[in-house]
Amino acid sequence: MTKILVVGIAGRMGKTIAECIGDTEGVELGGGTERAGSDFINQDIGEVAGIGKKGIAVVDDPALALEHCDVAIDFTTPASSMFTLNSAAESGKPVVVGTTGFSPDQKKEIANIGKKIPLVVAPNMSIGVNVLFKLVADAARVLGDDYDVEIVEAHHKFKKDAPSGTAVRISEIVADSLGRDLEQVGVYGRKGLAERTPKEIGVHTVRAGDIIGEHRVLFGGMGENFEIFHRAQSRQTFARGSIRAAQWILDKPKGIYDMQDVLGLK
Ligand code: NAD
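I will try to describe carefully the structure that is included in this document. (Residues numbered from 1 in each chain as written. Predicted model: local features only at pLDDT ≥ 70, side-chain atom pairs only at ≥ 80, totals over all residues. Heavy atoms only, no water.)

## Section: the pattern of salt bridges
Thinking step 1. Following the criterion strictly, the structure yields 15 salt bridges and no others.
Thinking step 2. Its salt-bridge partner being D161, residue K159 comes within 3.0 Å of it at the nearest N-O pair. Taken individually, K159 and D161 each receive the classification buried, so the pair is uniform in this respect.
Thinking step 3. It is possible to trace a salt-bridge network through shared partners that takes in D148, E150, R190, R196 and E200. (Salt bridge = Lys/Arg side-chain N within 4 Å of Asp/Glu carboxyl O. Buried < 20%, exposed > 50% of the residue type's maximum accessible area, 1.4 Å probe, protein only.)

Encoded structure:
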C-alpha cells in the first residue's frame, strides 16, 4: 500500500485529495502538513480533512511527515512548495506539485531539485485539460497566423495568482506552436485604444464566486470562430489526477515530469 503525504491538508485541494485517496485502490493517507502556527497543527489529519479519525497528527514539517510516507502531493503556495521540495530532496522521496504561480527563480530551483528526485509538476492535473493542451497545440499549428488566439480563464474569487497556471501553460503552448516569443506577443487584458496586432496572444482573467476552473481558447478567423473549452465541475478531477501521478512516479528515475508524461500523451 502506497502511503501519501498531503501537504496543506486543510486547504481546498488538500481536503479533496485526502477524500479521494480514501476511495482509490492501492493508496492510503500516510500524513498531512499545514503551515507553521496554523490551528490545525496537532489535530488529526482525517478529522481536518473531514474523513474521520486516522490516528495521525497534522505537523508543520514535511521532512518529518515524509519519514512515514512514500510520496508527497503538494497543492499549497509557491513558498510552501519550495520548502516541501527542499525537504524531499534530502530524503529522496518523489513529490507531485500542483501549486501554481512560481516565479522564474523558483522554476530554476525546481529544475535543480529535479536533478535529485523524481517530480511531477503540472499547473493542471485534470485529464481533460491535458487533452486540451494537446488539441490546442495541433489547432494552433494547423490554423497558423490567419487566426487570432485569445485565452479566457475563470476561477473562484479566492484564487491568488493570475492568470491561472493553466492559462499560462496554454499561452506557452500556442506561442511554441506558432514560433512566437510570448514575452513579445502576450497581452494580458486590454483597455482604451488597444487595437489588436496580428500576432498577439490575448490572455484574460475572470474571478467570481466559486467557479472551480474554466479555460476557453478561441481561434478567431475571418468567417469562423473555433473554440476549445474546458470546465472543471469538481476539484476531484485535479485530486484524482494528482493521485494517479503519485502512483505513476513511484518507480521513475529522478527528473521533472508533467501530466502529459503521466497520461502517456507525449
Ligand atoms: P487553499 O488556500 O485552499 O489551500 C492551500 C493550503 O496550503 C492552506 O490550507 C494553507 O494553510 C496551506 N499551506 C500554506 N503554507 C503551508 C506550508 N508551509 N505547509 C503546509 N501547508 C501550507 O488553496 P487551493 O485552492 O487548495 O489551491 C492550492 C494551490 O493549488 C494553488 O496554487 C492553486 O492554484 C493550485 N491548484 C492547482 C491545480 C492543479 O490541477 N495543478 C488545481 C487546483 C488548484
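## Description of the site of the ligand
Thinking step 1. In the vicinity of the ligand there are 23 residues, among which M13, E34, T100, M125 and K159 approach most closely.
Thinking step 2. With respect to the ligand, the backbone of R12 contributes an N or O atom lying 2.9 Å from an oxygen atom.
Thinking step 3. Interatomic distance of 2.8 Å between a backbone N/O atom of M13 and an oxygen atom of the ligand.
Thinking step 4. Alone, the ligand offers 860 Å² of accessible surface; in the complex the protein occludes 83% of this. (Near = heavy atom within 4 Å. Polar contact = N/O pair within 3.5 Å; in protein donor to acceptor, adjacent residues only side chain to side chain. Areas by Shrake-Rupley, 256 points an atom, 1.4 Å probe, with all protein chains shown as cover.)

## Observations concerning helix α6 (residues 127-143)
Since the α-helix turns once every 3.6 residues, residues separated by three or four places project in the same direction.
Thinking step 1. The end-to-end C-alpha distance of α6, which contains 17 residues, comes to 24 Å, matching closely the 24 Å that a straight helix rising 1.5 Å per residue would cover.
Thinking step 2. Looking at α6, one finds that the buried residues are V129, N130, L132, F133, V136, A137, A139, A140 and L143.
Thinking step 3. Structurally, α6 contributes buried residues whose contacts are with α7 (165-178), β9 (213-220), β10 (225-232) and α10 (259-262). (Helix = DSSP H or I, 4+ residues; strand = E, 2+ residues; numbered from the N terminus. Expected span 1.5 Å × (residues − 1). Contact = heavy atoms within 4.5 Å.)

## Thoughts on the sheet that holds strand β2 (residues 27-33)
Thinking step 1. Taken in spatial order, the 6 strands of this open sheet run β2-β1-β3-β4-β5-β11, and their pairing is parallel. Of all strands in the sheet, those with a lone pairing partner are β2 and β11 (255-257), marking the two edges. Going from strand to strand, the sheet's axes swing by 25 degrees on average, the running direction of each strand aside.
Thinking step 2. Here 3 bridges tie strand β3 (residues 71-74) to strand β4 (residues 95-97), and the two strands are oriented parallel to one another. Paired with D74 across the two strands is V97, which belongs to β4. (Pairing = 2+ DSSP bridges. Axes fitted to C-alpha atoms, helices over the stretch in contact; angles between N-to-C directions.)

Keep in mind these values describe shape, not function.
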